[in-house]
Amino acid sequence: MGQSNQRNDELDSWVQSVSNEDIKRYIQHRVLVQMQFYSDKSLECKSLYFKWTNTSIFISFLIPVVSVFSDGSIIMKAIIAALGAAIAGVTSYLSIHNYKNLWESYRSIREQTYSLLLFYFTSSGVFAGKQLEEQDQLLIELCEKVFKSESQTWKEIIGSETE
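All values derive from a computational prediction rather than experimental measurement.

Chemist: Please explain the overall build of the protein as it appears in this structure.
Modeler: Regarding its fold elements, the protein presents five helices and zero strands. Order of helices (α) and strands (β) in the protein, N terminus to C terminus: α-α-α-α-α. For the protein, the C-alpha radius of gyration of 23 Å lies well beyond 15 Å, the compact-globule estimate for 163 residues. Principal-axis analysis of the C-alpha atoms gives the protein an extent of 80 × 45 × 25 Å. Put simply, the protein has 163 residues, and 29% of those count as buried. In the protein, of all internal contacts separated by at least 6 residues, the share reaching a separation of at least 24 is 69%. For the protein, the exposed surface amounts to about 10400 Å²; the carbon and sulfur share of it is 58%. Within the protein, one finds 15 positive and 19 negative side-chain charges whose respective centroids are separated by 5 Å.

In structure tokens, the structure reads:
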């Protein structure tokens, strides 16, 4: 968490140095808010992915252990079958919710936006050699393009699920 706080503090100090109040508000109220959203969602999906994956691993571990102590009774067979069904359920749940891909996607979008801000604040990359007004306009265009691409991905997912 220390590195993340340091990065946020660095961004805050750079944002305070922006002279154009409209751009400063855009960065504070649009870009940084979106970045925080992506960061929070990334952490949430990562946590859920690990929770459900570890649950599956634990249940998978129980099957051979319970089998060793099985006396062949119907109760033990039912327990082993229930554990197998639980693994199938957890695996299906993970597959449907796709937490790993969402975690990676949210993290990637957050980092992509962070990189755009770094390029903007250091007048490097696509912002190099441009006048401040051009840089401001380009920042908005590129950030909105990133946000729109994420939104478009969701529309495609939702559309394919309803077909």
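Chemist: Which parts of the structure should I look at to understand the packing of aromatic side chains?
Modeler: Per the counting criterion, the structure on display carries twelve aromatic pairs. For the ring pair Y49 and F50, a centre distance of 5.7 Å and an interplane angle of 65 degrees mean the geometry is edge-to-face. Aromatic side chains F50 and W103 sit 5.6 Å apart centroid to centroid with 55 degrees between the ring planes, which places their arrangement in the tilted category. With a gap of 53 residues between them, F50 in helix α2 (residues 21-68) and W103 in helix α4 (residues 99-121) connect regions that are remote in the sequence. For F50, a relative accessible area of 37% gives the class partly exposed. On the basis of relative accessibility, which here comes to 19%, the residue W103 falls in the buried class. Taken together, W14, Y120, F121 and F127 form an aromatic cluster joined through their ring pairs.

Chemist: Please clarify how the nonpolar core should be interpreted in this entry.
Modeler: Across soluble globular proteins, nonpolar side chains have a tendency to be buried as a group. Formed by 36 residues in total, the largest nonpolar core has its most connected members in I27, L117, Y120, F121 and L139. The set of elements that each furnish at least two residues to this core consists of α1 (2-16), α2, α3 (74-97), α4 and α5 (132-162). Ignoring sequence-local partners within four residues, the contact set of L117 consists of L11, I27, V31, L32, M35 and L139.

Chemist: Even after reading the chapter, I still don't get the side chain of S42, so can you show me in this structure?
Modeler: Along the polypeptide, S42 turns up in helix α2. Here W103 takes part through its backbone oxygen, which lies 3.4 Å from a polar atom of the side chain of S42. Once residues lying within four places of it in the same chain are set aside, the contact partners of S42 are W103, Y106 and R107.

Cut-offs applied
Residues numbered from 1 in each chain as written. Predicted model: local features only at pLDDT ≥ 70, side-chain atom pairs only at ≥ 80, totals over all residues. Heavy atoms only, no water. Helix = DSSP H or I, 4+ residues; strand = E, 2+ residues; numbered from the N terminus. Rg over C-alpha atoms; globule rule 2.2 N^0.38 Å. Buried < 20%, exposed > 50% of the residue type's maximum accessible area, 1.4 Å probe, protein only. Contact = heavy atoms within 4.5 Å. Areas by Shrake-Rupley, 256 points an atom, 1.4 Å probe, with all protein chains shown as cover. Lys, Arg positive; Asp, Glu negative; His and termini not counted. Charge placed at Lys NZ, Arg CZ, Asp CG, Glu CD. Phe/Tyr/Trp six-rings, centres within 6.5 Å; stacked < 30°, edge-to-face > 60°. Core = buried A, V, L, I, M, F, W, Y, C linked by side-chain atoms within 4.5 Å. Polar contact = N/O pair within 3.5 Å; in protein donor to acceptor, adjacent residues only side chain to side chain.

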